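Structure at a glance
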Amino acid sequence: AEVGGKTAHLSRLAADYRVPSGFCLTAAAFDPEQSADAPLPPPLAAALAAAYEALARRVGVPEVPVAVRSSALDEDGELASFAGQHETELNLVGAEAVLGAVARCWASGRNERVLAYRRQQGLNTEGVRLAVLVQQLVTADTSAVVFSANPISGNRDEVVVTASWGLGESIVSGMVTPDTWVVRKADLAVKEERIGAKERMTVAVTGGTREVAVPRLLRERASLSRAQVAELAELGVELEEKMGRPVDIEAAFAGDLLYLLQSRPITTLAEPDTN
C-alpha cells in the first residue's frame with residue numbers, strides 16, 4: 001500500500017536471498033504534477049540525499065552507483081505486472097543524479113505507453129500512485145530472466161531461463177536474442193538449449209549505460225554454465241512456492257554470486273497444451 005508490489009516483494013525476499021541494498025521513496029511523496037526537469041521540493045531532496053548517503057555507508061562505497069526504478073502501487077500484482085512499462089535508470093552516481101531520476105520516474109507514470117497499458121488492463125488512469133525504489137547497481141557479467149512456468153506452452157512442469165551478457169536491459173527491452181534453456185522442474189535437468197545471437201549488450205559507463213557490440217568470441221558462447229542454469233531454475237521453483245503462483249524473475253551474476261533483482265507474478269500464462 002505504500003511502496004508497491006515490486007518493492008514489497010523484494011523487501012520480503014531480502015532476508016533469504018542476495019537482494020541489492022537500497023531504500024524506497026513511498027507513494028506518499030508522489031507528486032503527479034512534478035515535471036521531469038523541475039527540482040524536487042527541498043525537504044524531500046534533503047531526505048533523499050540523506051538516504052543515499054546512508055546507503056553508501058551501509059555498502060561501504062562512498063559514491064555508490066544505483067539503479068532507480070518506479071514501483072506503482074498496483075504494479076507486479078496478480079492481474080497486471082507492468083513489466084518494462086515504467087521508467088528504470090541504471091548506474092546513477094551521487095544524490096543529485098538520484099533526485100533527477102526520481103522526477104523522471106514520476107513523470108513516466110503519465111506517459112502514453114503506461115496509460116495505454118492501464119486502459120488495456122482495465123486499471124484506473126487517474127489518481128495513479130508511484131513509489132520509487134533505489135538500489136545498489138549490480139555490475140553484472142550475465143543477466144537473466146527466469147519464468148517458473150513455460151510462458152509459451154503453458155507447461156508448469158518446466159522452467160525457462162533466458163540470459164545474455166552485461167546488464168539486463170538488453171533482455172528486457174528485446175534488443176538481443178538471448179540464450180534460452182528449458183529445464184525440468186522435477187530434477188532441474190536441461191531439456192532444451194538454444195544459444196542466441198547476443199550481438200549487443202548493455203554496459204555501465206560514466207553517468208549511465210551504453211549499448212555496445214558483444215565481442216565476437218562471446219556471441220556463440222553460452223552466457224551461463226549448466227550449474228548457473230540449475231541455480232536459476234531452482235531459484236524460480238523456490239520463489240513460485242513462496243508466492244503461491246508462477247513467477248517471472250530478473251537476476252544477475254557478478255562473478256559467481258547470484259543476485260535477485262526482481263520477482264513478479266506471471267500474469268499472462270498460456271493454457272497448457274493438452275494435445
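For the structure itself, consult the block above.
Residues numbered from 1 in each chain as written. Predicted model: local features only at pLDDT ≥ 70, side-chain atom pairs only at ≥ 80, totals over all residues. Heavy atoms only, no water.

Considering all chains together, one arrives at 1 aromatic pair under this definition. Pairing phenylalanine 30 with tryptophan 106 gives two aromatic rings, centres 5.7 Å apart and planes at 80 degrees, and the pair type is edge-to-face. In this pair, phenylalanine 30 sits in the loop between β1 (22–25) and α2 (42–59) while tryptophan 106 sits in helix α3 (residues 95–108), placing the two residues 76 residues apart along the sequence. Across this residue pair, the class does not change: phenylalanine 30 and tryptophan 106 are buried. One residue, arginine 18, lies across the ring of tyrosine 259, its end atom 5.8 Å from the ring centre. (Phe/Tyr/Trp six-rings, centres within 6.5 Å; stacked < 30°, edge-to-face > 60°. Helix = DSSP H or I, 4+ residues; strand = E, 2+ residues; numbered from the N terminus. Buried < 20%, exposed > 50% of the residue type's maximum accessible area, 1.4 Å probe, protein only. Lys NZ or Arg CZ within 6 Å of the ring centre and 35° of its normal.)

Right, let's get into the pattern of salt bridges. Here the structure, examined in full by the defined rule, presents 10 salt bridges. Salt-bridge contacts for glutamate 158 lead to lysine 191; the nearest nitrogen and oxygen are separated by 2.5 Å. Taken together, the positions of glutamate 158 in strand β6 (residues 158–165) and lysine 191 in strand β8 (residues 190–194) put the pair 33 residues apart, joining distant regions of the chain. Notably, a salt bridge pairs arginine 226 with glutamate 193, separated by 3.6 Å at the nearest N-O pair. Within this pair, whereas arginine 226 is found in helix α7 (residues 226–243), its partner glutamate 193 is found in strand β8, the two being separated by 33 residues in sequence. (Salt bridge = Lys/Arg side-chain N within 4 Å of Asp/Glu carboxyl O.)

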